[in-house]
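The primary structure of each chain is shown beneath.
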Amino acid sequence: MWNFPLLPDRASTIAEQVDALYWFIFAVVTFFSLIILVALIYSAIRYRKGSKASRAGAHHENLPLELIWSLGPLAIALLIFVWSSKLFIDMRVAPKDAMEIYVVGKQWMWKIQHPQGNREINELHVPVGKPVKLIMTSQDVIHSFFVPEFRIKQDVLPGRYTTQWFQATKAGTFHLFCAEYCGTSHSGMIGKVIVMEPADYEEWLAGKTGQTMSSGGEQLFQQFGCQTCHRPGAGQRGPSLEGLWGKQVKLGSGALVTADQNYIRESIINPGSKVVSGYQVLMPLYRNQLSEDQVNQLIEYIKSLSAQEGKSGL
Ligand code: CUA
């Protein structure tokens, strides 16, 4: 059988839609390029210098024709705009029930951590048929997380989180590339996404589980003395963190921010940047004291404080 693959395999729910849009744009471009090319060659030959072809009846204006070639392309461009915007939004907004996995890029490797505690380098294990949301950051320069078979690519930036979600449609091993030039070994910053049947994935998770991310975060919370200020009750100097996750926070300036990964990360690294209304900046900067992995663990811990809201604890 003739095998001439132009595109990588399709292995995610979004892949078919990305390809459909791609081929549509390709067809539009090819169609108009051919019309122009054929007309160009025909005219160049027929009306070449010295040819006897009649030049009588040349048009200088033609309103219907001008309307067609103005409004037609406008309609096609708008169709592509609406279609790709819809697809872009579908790719950006993860389903609520997506499982979350943390990704840290660094020169020159991908460090992955599952909330259950499993860590991997240059490998990402995921179950087939489940939405997966990657929460990604970089500990040095800009990288880009690219899985061609899933048709996903997202820049991974230092100093903030970006997210990307996908749902794999078949088990197997797929390429993971860094798609942003990031230094000497950029081309070596490659890995594998290993898509497993859900039962196999559960087994894989269970086989390697060490400390969960949130319990690792709790340990850091004690170790760095966070609880001395963030414990509710007498002598409380910092805002309570229970039930914080996902809520709106009122800042001293009156502005509202959502307590998400980016906000919590910023508040750990540079506590003075967005101070909660009614509190003073007493907290030291933790810039350079915590690795990105540790910040991620603290975020998972703070998240867990909201999941078990109402229980005793901090
Ligand atoms: Cu990381 Cu290129």
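All of these numbers come straight from a predicted model, not from anything done at the bench. (Residues numbered from 1 in each chain as written. Predicted model: local features only at pLDDT ≥ 70, side-chain atom pairs only at ≥ 80, totals over all residues. Heavy atoms only, no water.)

For the peptide bond that leads from Gln107 to Trp108, omega is -5 degrees, which places it in the cis range. Mapped onto the elements of the fold, Trp108 is located in the loop between strand S1 (99–106) and strand S2 (109–113). Positioned with a positive phi, Asn122 is a non-glycine residue whose angle comes to about 60 degrees. Summarising the element assignment, Asn122 is placed in the loop between strand S3 (119–121) and strand S4 (123–127). (Helix = DSSP H or I, 4+ residues; strand = E, 2+ residues; numbered from the N terminus.)

Looking now at the sheet that holds S4. One open sheet accounts for five strands, arranged S4-S10-S9-S6-S7; its pairing is mixed. Two strands lie at the open edges of the sheet, namely S4 and strand S7 (152–156), each paired on one side alone. Each adjacent strand pair in this sheet contributes to an overall mean axis angle of 20 degrees, direction not counted. Of the pairings in the sheet, the one linking strand S9 (residues 172–178) to strand S10 (residues 191–196) comprises five bridges and is antiparallel in character. By the bridge assignment for S10, Thr173 is matched with Ile194. (Pairing = 2+ DSSP bridges. Axes fitted to C-alpha atoms, helices over the stretch in contact; angles between N-to-C directions.)

Taken as a whole and assessed by the stated rule, the structure comprises ten salt bridges. Measuring nitrogen to oxygen at the nearest pair gives 2.7 Å for the salt bridge that ties Asp90 to Lys86. Taken together, the residues Asp90 and Lys86, both in helix H2 (residues 63–92) and four residues apart, mark about one turn of the helix. For Asp90, a relative accessible area of 26% puts it in the partly exposed group. Between Lys133 and Glu100 there is a salt bridge, with the nearest N and O atoms lying 3.9 Å from each other. Placement of the pair is Lys133 in strand S5 (residues 131–138) and Glu100 in strand S1, with a sequence separation of 33 residues. Looking at Glu100, the relative accessible area reads 22%, which means it is partly exposed. The network of salt bridges with common partners includes Glu100, Lys133, Glu300 and Lys303. (Salt bridge = Lys/Arg side-chain N within 4 Å of Asp/Glu carboxyl O. Buried < 20%, exposed > 50% of the residue type's maximum accessible area, 1.4 Å probe, protein only.)

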